[in-house]
Amino acid sequence: MNCPYCSGSDTRVVNSRPADEGTAIRRRRECVSCGRRFTTYERAQFEALMVIKRSGRREAFNPDKLLGKLSIACNKRPVNEKQLREFAYGFEDEIQAPEIASEEIGVRALKFLKSVDDVAYIRFLSVYRDFDSVDRFIEEITRLSELPPKK
Ligand SMILES: [Zn+2]
């Protein structure tokens, strides 16, 4: 199991405990190279966080896909790649549910981008929401700008 942050192959287990009523083992791991922690689950057969698409179709959550979208939004912006990886690969950990609507992923990604870079945030917003007019777009930015300010 390589570290999702630095790809280091040397990780140690910090703790293990049963999860999901005993159908899984949740392990906290710490990377020996970079010191960051992440979680792995061991299961008999399945199963990742499921994403419910707008169409109603379900697919397994793919952190690489999320990272890809974030990277596009952050292209040539002064955003630390590590922060993006942290968000994308820590995402599944944050969601304490077996499934999530794709809209909810978008909203969480927006909140995250809002906290790191305004331009990336607006780029992501314009792609993520299918605005039918400039007014709608501005309305949405105004609404979302009421989110907590940068840390
Ligand atoms: Zn690492």
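Thresholds applied
Residues numbered from 1 in each chain as written. Predicted model: local features only at pLDDT ≥ 70, side-chain atom pairs only at ≥ 80, totals over all residues. Heavy atoms only, no water. Donors = N, O, S within 2.8 Å, 3.2 Å for Na, K, Ca; no water. Tetrahedral: all angles 85-135°; square planar, octahedral: opposite > 155°, others 65-115°. Buried < 20%, exposed > 50% of the residue type's maximum accessible area, 1.4 Å probe, protein only. Phe/Tyr/Trp six-rings, centres within 6.5 Å; stacked < 30°, edge-to-face > 60°. Helix = DSSP H or I, 4+ residues; strand = E, 2+ residues; numbered from the N terminus. Lys NZ or Arg CZ within 6 Å of the ring centre and 35° of its normal. Expected span 1.5 Å × (residues − 1). Bend = angle between axes of the 7 residues up to and from the residue. Polar contact = N/O pair within 3.5 Å; in protein donor to acceptor, adjacent residues only side chain to side chain. Pairing = 2+ DSSP bridges. Axes fitted to C-alpha atoms, helices over the stretch in contact; angles between N-to-C directions. Contact = heavy atoms within 4.5 Å.

1. Considerations on the coordination of the zinc ion
Around the zinc ion, the donor atoms from the protein are Cys3 (SG), Cys6 (SG), Cys31 (SG) and Cys34 (SG), and they sit 2.2 to 2.4 Å away. Classification of the site at the zinc ion rests on its four donor atoms, whose angles at the metal span 104 to 117°, yielding the label tetrahedral. Donor residues for the zinc ion sit on one chain with the sequence pattern C-x2-C-x24-C-x2-C. Classification of Cys34 as partly exposed rests on a relative accessible area of 28%.

2. Here we look at the packing of aromatic side chains
Here the structure, examined in full by the defined rule, presents three aromatic pairs. Ring geometry for Phe61 against Phe91: centres 5.1 Å apart, planes inclined by 25°, an arrangement best described as stacked. Of this pair, Phe61 sits in the loop between β5 (58-60) and α1 (63-73) while Phe91 sits in helix α2 (residues 81-94), and the two are 30 residues apart along the sequence. Between Phe87 and Phe112 the ring centres are 4.2 Å apart and the planes differ by 10°, which places this aromatic pair in the stacked class. Within this pair, whereas Phe87 is found in helix α2, its partner Phe112 is found in helix α3 (residues 102-116), the two being separated by 25 residues in sequence. Across this residue pair, the class does not change: Phe87 and Phe112 are buried. By way of ring pairs, the aromatic residues Phe61, Phe87, Phe91 and Phe112 are connected into one cluster. Seen from the ring of Tyr5, Arg36 lies directly overhead, with NZ or CZ sitting 5.3 Å from the centre.

3. Structural notes on α2
Every α-helix winds through 3.6 residues per turn, so residues three or four apart in the chain are directed the same way. If you check α2, its first and last C-alpha atoms are 19 Å apart, about what 14 residues at 1.5 Å a residue would give, namely 20 Å. At Ala88, α2 shows its maximal bend, which comes to roughly 25°. Along α2, the positions that sit buried rather than exposed are Leu84, Arg85, Phe87, Ala88, Gly90 and Phe91. The opening residue of α2, the one whose side-chain oxygen lies 2.8 Å from the backbone nitrogen of Lys82, is Asn80.

4. Let's talk about the sheet that holds strand β6 (residues 99-101)
Spatially, β5-β4-β6 is the arrangement adopted by the three strands of the open sheet, whose pairing is mixed. The strands lining the two open edges of the sheet, one partner per strand, are β5 and β6. Averaged over all neighbouring strand pairs, the angle between strand axes comes to 30°, with direction disregarded. Looking at chain direction, strand β4 (residues 50-52) and β6 are connected through three bridges and run parallel. Pairing of Met50 across the sheet is with Glu99, part of β6. Each of β4 and β6 touches α3; the most contacted strand, β6, lies at about 75° to it.

5. Focus on the side chain of Asp117
Relative to the helices and strands, Asp117 resides in the loop between α3 and α4 (118-128). Judged by relative accessible area, Asp117 falls into the buried class, the value being 5%. Asp117 has contacts with Arg77, Pro78 and Val79, leaving out every residue within four places of it along the chain.

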